[in-house]
Amino acid sequence: MSAPVYVLPPLLTGPAQTAPAPTELTDLLRQLIALQQEQVSLLKAQSTNHDPSSRWRALLARWTGEFPNIGGACKQVLPAIERAYLGLVREVTDKLTDDAEVLTDEFVLAEFLDRYGTKLAQMGNIVNQLTPLADASSTDKG
């Protein structure tokens, strides 16, 4: 018959470990707080670097002397440009809803792209260029 064997850790034979002195504990806590404050500031900086509109806010701030209120102007005209863009999108979708076969004939497809393709791409590009500037100006009160 065999019995389980238990191995116990060796007994510590030496001076008894004592708790750190109150001044050492206070210093350690201060160091921990300082490290945590540094970590918070680093996380804030990292979060700012990943903010997509921070780049546009920096651009507006850098050129505010030469182009004052350009962000506000973008914000003001953006609804009209978005409306024109969506009107063009509606026109394209209505055209295709009425006659989806226009895309099967090469000649008609070329005519369709000539009529709508360039305008739609350019309007979409303008919307994509002005939107970040308008968004950046909404957070910047300058």
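Residues numbered from 1 in each chain as written. Predicted model: local features only at pLDDT ≥ 70, side-chain atom pairs only at ≥ 80, totals over all residues. Heavy atoms only, no water.

1. Topic: helix α2 (residues 52-62)
Given 3.6 residues per turn, any residue in an α-helix points the same way as the ones three and four places further on. Three or more residues of α2 are buried, namely S53, S54 and L60. One face of α2 carries all of its buried residues, which in axial projection span an arc of 125°. Among the exposed residues of α2, those pointing more than 90 degrees away from its buried face are P52, R55 and R62. (Buried < 20%, exposed > 50% of the residue type's maximum accessible area, 1.4 Å probe, protein only. Helix = DSSP H or I, 4+ residues; strand = E, 2+ residues; numbered from the N terminus. Arc of directions from axis to C-beta.)

2. Some remarks on the packing of aromatic side chains
Under the defined criterion, the tally for this structure stands at 2 aromatic pairs. Measuring from centroid to centroid gives 6.1 Å for W63 and F67, while their planes differ by 55°, and the two rings are tilted. The partly exposed category is assigned to F67, whose relative accessible area is 41%. Each ring, one from F112 and one from Y116, has its centre 5.1 Å from the other, and the planes form 55°; the classification is tilted. Pair noted here: F112 and Y116 are both in helix α4 (residues 106-139), with a separation of 4 residues, about one helical turn. Take F112 and Y116: they sit in the same class, and that class is buried. Taking the ring centre of W56 as reference, the NZ or CZ of R55 above it sits at 5.0 Å. (Phe/Tyr/Trp six-rings, centres within 6.5 Å; stacked < 30°, edge-to-face > 60°. Lys NZ or Arg CZ within 6 Å of the ring centre and 35° of its normal.)

3. Topic: helix α3 (residues 70-98)
The terminal C-alpha atoms of α3 lie 41 Å apart, and with 29 residues this matches the ideal 42 Å at 1.5 Å per residue to within 8%. At V77, α3 shows its strongest bend, of approximately 40°, with the proline P79 following within four residues. (Expected span 1.5 Å × (residues − 1). Bend = angle between axes of the 7 residues up to and from the residue.)

4. Comments concerning the nonpolar core
One finds L60, C74, L78, I81, V127, L130, L133, A134 and A136 forming the largest nonpolar core, which totals 9 residues. The set of elements that each furnish at least two residues to this core consists of α3 and α4. For this core, the element with the most residues is α4, which contributes 5 residues. Setting aside chain neighbours within four positions, we find L60 in contact with I70, G71, L133, A136 and S137. (Core = buried A, V, L, I, M, F, W, Y, C linked by side-chain atoms within 4.5 Å. Contact = heavy atoms within 4.5 Å.)

5. Remarks on the confidence of the model for the chain
For the chain, per-residue confidence averages 84 on the pLDDT scale, and residues scoring 70 or more make up 86% of the total. Across the chain, element-level confidence peaks in α3 with a mean pLDDT of 93 and bottoms out in α2 with 84. (pLDDT = per-residue confidence, 0-100.)

6. Some words on unusual backbone geometry
Non-glycine residue N69 carries a positive phi angle of around 60°. Relative to the helices and strands, N69 is located in the loop between α2 and α3.

7. A closer look at a nonpolar patch on the surface
Together, L25, L29 and L32 line one region of the surface with nonpolar side chains, adding up to about 280 Å² of accessible area. Examined against the element boundaries, L25 turns out to sit in helix α1 (residues 22-49). (Patch = residues over 30% accessible without salt bridge, like charges linked within 9 Å, V, L, I, M, F, W, Y side chains within 5 Å. Areas by Shrake-Rupley, 256 points an atom, 1.4 Å probe, with all protein chains shown as cover. Salt bridge = Lys/Arg side-chain N within 4 Å of Asp/Glu carboxyl O.)

8. Regarding a negative patch on the surface
On the surface, a cluster of negative charge is contributed by D94, D98, D99 and E101. Its location among the elements puts D94 in helix α3. (Lys, Arg positive; Asp, Glu negative; His and termini not counted. Charge placed at Lys NZ, Arg CZ, Asp CG, Glu CD.)

9. What to know about the environment of E91
Counting through the fold element by element, E91 comes out in helix α3. For the pair E91 and Y116, spaced 25 residues apart in the sequence, the C-alpha separation amounts to 8.9 Å. Those residues in contact with E91 that sit more than four places away from it in its chain are R115 and Y116. A polar atom in the side chain of E91 sits 3.4 Å from the side chain of Y116. (Polar contact = N/O pair within 3.5 Å; in protein donor to acceptor, adjacent residues only side chain to side chain.)

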